[in-house]
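# Structural overview
Residue strings, one per chain:
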Amino acid sequence: DHMRHHHTQWLLLIWFLIGAINTLEAQRLNNQWRFGTAGGIDFNLTTPAAAPGAALSTGEGSASVADPVTGQLLFYTDGVTVWNRNNLVMQNGSGLAGGDPILLSSTTAAMICPRPGNAQQYYIFTIDEQASNNGLRYSLVDMSLDGGLGGIVAGSKNILMLNTNSEKLQLVPHANGNSLWLVTHVLPNTFASFLVSATGVSGTAVFSTLGNGHGNGAGHMKINKQFTQLAMGNFIERDIELFDFDWATGQFSNFRRWDFISGGGFIYGVEFSPNGTRLYASDLNDVI
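Residues numbered from 1 in each chain as written. Predicted model: local features only at pLDDT ≥ 70, side-chain atom pairs only at ≥ 80, totals over all residues. Heavy atoms only, no water.

A few words on the packing of aromatic side chains. Using the criterion set out here, one finds 14 aromatic pairs in the structure. Look at Phe191 and Phe243: their rings are 4.9 Å apart centre to centre, the planes differ by 80°, and that puts the pair in the edge-to-face class. In this pair, Phe191 is assigned in strand S14 (residues 190-197) and Phe243 in strand S18 (residues 239-246), connecting sequence segments 52 residues apart. Linked through ring pairs, Phe191, Phe243, Phe245, Phe252 and Phe255 together constitute an aromatic cluster. (Phe/Tyr/Trp six-rings, centres within 6.5 Å; stacked < 30°, edge-to-face > 60°. Helix = DSSP H or I, 4+ residues; strand = E, 2+ residues; numbered from the N terminus.)

Set out below in structure tokens:
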């Protein structure tokens, strides 16, 4: 359940991307999952099947992507190493900054999205453990490298976007239908939204400061499929937070908060129902 939640985050982002771009040929982008300890599922079949051979072993964040037309695995990552479809380390694909190589303890670790306007390239966004100092970074993958197995472009690896003490990432379509927002959180209570467009990743963010102060950067944040609201838990303070999001400007507003004190735990996972009318949260023991 733990790893399924991690990968569901990335999966839903791809659904959002599909909705924003509205292209039928992108329907297979999320058909390959790689996660956990050699975990793999192939969704190209009528009945999803196990996909053996994955090289990663992580207890937290991971991301993978498939060819949008064929559904063939392209690559996957634990935030530190990137593996190609042959389960071998991708060309220039080691040493990413999405976590300590031993701990691999970042909630989100990595997210992948196609580069707008370039069918051969993909961005890997990474965010490391809150106690580390790598912050939010991106690396650019070009699938034409290494004979079509892909590689990280020289000079476009671990590019620093923001020094942050959070483990939270979220990709959201832009209202223009062509671009995306890469959103992160900065303790104690600031959101940063970076524009990702055909011209690249913006060097500056749109900042929104609101919400309850966070003393810990672990746990997920999620946008709804209507791209109008974002939810997250306050890990240590054990409350659940909801914000309005403007997908045209990247700004957040209208903070709402619910206390949640359970016998067990911390608010780690959150998710909306598909129609956006229900919000679910997990405290690492129960789902409410």
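Read across the sheet, 4 strands follow the order S12-S13-S14-S15 without closing on themselves; strand pairing throughout is antiparallel. With one partner strand each, in any of the chains shown, strand S12 (169-173) and strand S15 (200-209) form the two edges of the open sheet. Taken pair by pair, the neighbouring strands of this sheet meet at an average axis angle of 25°, ignoring direction. With 7 bridges joining them, strand S13 (residues 180-186) and S14 adopt antiparallel strand pairing. Across the sheet, Trp181 pairs through a bridge with Leu195, a residue of S14. (Pairing = 2+ DSSP bridges. Axes fitted to C-alpha atoms, helices over the stretch in contact; angles between N-to-C directions.)

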